[in-house]
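Chain by chain, the residues:
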Amino acid sequence: MPRTLAVLMDPIARIRPKKDTTLALLLEAQRRGYALSYMTHGDLAVRDGAAWARLAPLTVRDDAHDWFTLGEAHWRALGGIDVVLARKDPPVDVQFVYDTMVLELAQRDGVMVVNDPRGLRDANEKLFSLQFPQCCPPTAIARDVAELKRFVAEHGEVVLKPLDGMGGRSIFRSRHGDANLNVILETLTGYGQAFTIAQKFIPEVSAGDKRILMIDGEPVPYALARIPQGDDFRGNLAAGGKGVGVPLSDRDRWIAGEVGPELRRRGMRFVGLDVIGDWLTEINVTSPTCARELDAQFGLNIAGLLFDRIEADRA
């Protein structure tokens, strides 16, 4: 009987297959003989205390124009699935939190969920990095506009962003004395209702915002430096940054060594660290990307490394 894997992800028809890490993971699972199933955010349910899902049989192909086929979806208990890949993109809103609670019921019934549902709830991608203050630049998080302005006045030039964004959206670069600072902070905090993060601006971002992929707490030996283009300070690929593979530096390996044991403890098997210069700025746990770019540039199989760990633990 084949092993089974279900993926929880955003609509597969909308992905960019050449760059999509979830597709790389699914292709590797299929190569290893897993029978694949697909579900989206609205396909989870609970029946009599057990996790259920509306699952569609899935076949994937490494084809930029025709990368998947879905069969007819049916409801079934998730407890009979071997592995669930939880790969829904942020925001980590209340519905996402509910998803993790359903997946935790599946985990109780013997399913390996990657990443761990409780870890997905607890490890906010902006806040979690601050559990390693020795690795981070000066940072403040607050709803209060005056507190954030105090931080800006202390550090001069800063980056401001929401706690639940991704892909470079709603990220602002500002400085003390900026005539737009008040409106930026009012917008991000919703006039004091939403936490906003302020970090000291790191000039080394011009050389790239590096994505370091961690597998079971160990770093892949190369990072993807996402280099800002033109007059945009953001390196995010979704914001137009250029991805260039680079070997890990000694500082990168030190940061990975500081963070890795805690990732393993929390069951966070596939994670992306964002590093600018010498500093850890984010820890991406919901749907880390950049595997396909690194595979292509260095002849790697990052998905294979992850499945080696998954299968070793299920043996």
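The model shown is predicted, which means the values in this text are computed figures rather than measured ones.

Rules used in this analysis
- Residue positions within a chain follow its written sequence, with the count starting from 1.
- Only residues with pLDDT of at least 70 get local features here, since the model is predicted, and only at 80 or more are side-chain atom pairs given and counted; chain-wide, interface and lining totals rely on the full set of residues.
- Water and hydrogen atoms were dropped before computing side-chain values, which therefore reflect all heavy atoms in the structure.
- Only runs of H or I of at least four residues qualify as helices and only runs of E of at least two qualify as strands under DSSP, and these elements are numbered from the N terminus.
- In this description the radius of gyration comes from C-alpha coordinates, and the expected globular size is given by 2.2 Å times residues to the power 0.38.
- Each residue is assigned to one of three classes by its accessible area relative to the maximum for its type, calculated with a 1.4 Å probe on protein chains only: buried under 20%, partly exposed between the two thresholds, exposed over 50%.
- We call two residues in contact whenever any of their non-hydrogen atoms come within 4.5 Å of each other.
- Each accessible area value is a Shrake-Rupley result obtained with a 1.4 Å probe; residue values ignore everything except the protein chains displayed when judging cover.
- Neither His nor the chain ends contribute to the count of charged residues, in which Lys and Arg are positive and Asp and Glu negative.
- To locate a charge, take atom NZ for lysine, CZ for arginine, CG for aspartate or CD for glutamate.
- Within this document, salt bridges are pairs made up of a side-chain nitrogen of Lys or Arg and a carboxyl oxygen of Asp or Glu, the two lying within 4 Å of each other.
- Two strands qualify as a pair provided DSSP detects at least 2 bridges between them.
- Only C-alpha atoms enter the line fits that serve as axes; for helices the fit covers just the stretch in contact. Angles between N-to-C directions range over 0 to 180 degrees.

1. Remarks on the overall build of the protein chain
Consideration 1: Within the protein chain one finds 8 helices and 18 strands.
Consideration 2: Radius of gyration (C-alpha) of the protein chain: 20 Å, near the 20 Å computed for a compact globule of 315 residues.
Consideration 3: Oriented by its inertia axes, the alpha-carbon framework of the protein chain measures out at about 65 × 45 × 40 Å.
Consideration 4: Considering the protein chain as a whole, with its 315 residues, one finds that 50% of them fall into the buried category.
Consideration 5: Within the protein chain, contacts between residues separated by at least 24 positions form 68% of all contacts whose residues are at least 6 apart in sequence.
Consideration 6: Here the protein chain has roughly 14000 Å² of accessible surface; of this, 50% comes from carbon and sulfur atoms.
Consideration 7: Averaging the coordinates of the 39 positive side-chain charges in the protein chain and doing the same for the 43 negative ones gives two points 1 Å apart.

2. A word on the pattern of salt bridges
Consideration 1: Taken as a whole and judged by the stated rule, the model has 28 salt bridges.
Consideration 2: Here Arg 61 and Asp 66 are joined by a salt bridge, their closest N and O atoms 2.9 Å apart.
Consideration 3: Among the residues examined, Arg 61 registers a relative accessible area of 25% and is labelled partly exposed.
Consideration 4: Between Arg 175 and Glu 157 there is a salt bridge, and its shortest N-O distance comes to 3.2 Å. Placement of the pair is Arg 175 in strand β11 (residues 172-175) and Glu 157 in strand β10 (residues 157-162), with a sequence separation of 18 residues.
Consideration 5: The class of Arg 175 is partly exposed, set by a relative accessible area of 44%.
Consideration 6: Each member of the salt-bridge network shares a partner with another, and the members are Arg 3, Glu 28, Arg 31, Arg 32, Asp 308 and Glu 311.

3. Regarding the pairing of strand β4 (residues 50-60)
Consideration 1: Examined bridge by bridge, strand β2 (residues 35-39) and β4 share 3 bridges and lie antiparallel to one another. Looking at β4, one finds that Leu 36 is bridged to Leu 58.
Consideration 2: Bridging between strand β3 (residues 44-47) and β4 involves 4 bridges; their strand directions are antiparallel. Opposite Leu 44, over in β4, you have Ala 53 as the bridge partner.
Consideration 3: Counted between consecutive antiparallel strands, the loop separating β3 from β4 contains 2 residues, among which Asp 48 sits at a positive phi close to 50 degrees.
Consideration 4: Sheet analysis places β4 next to strand β6 (residues 74-77), joined by 4 bridges and oriented antiparallel. Bridge pairing in β6 places Arg 54 opposite Trp 75.
Consideration 5: Bridge count for β4 against strand β5 (residues 68-70) is 3 bridges, and the pairing is antiparallel. Note that in β5 the partner of Leu 58 across the bridge is Leu 70.

4. Thoughts on the sheet that holds β10
Consideration 1: Taking strand neighbours across the sheet as the criterion, the 4 strands line up as β9-β12-β10-β11 in an open arrangement whose pairing is antiparallel. The sheet is open, and its two borders are formed by β9 (139-142) and β11, each paired with just one other strand. For this sheet, the mean inter-axis angle between neighbouring strands, taken without regard to orientation, is 25 degrees.
Consideration 2: Across 4 bridges, the pairing between β9 and strand β12 (residues 196-200) is antiparallel. Paired with Ala 140 across the bridge in β12 is Ala 198.
Consideration 3: Sitting on the sheet, helix α5 (residues 181-189) touches β9, β10, β11 and β12, and the angle it makes with β10 is about 25 degrees.

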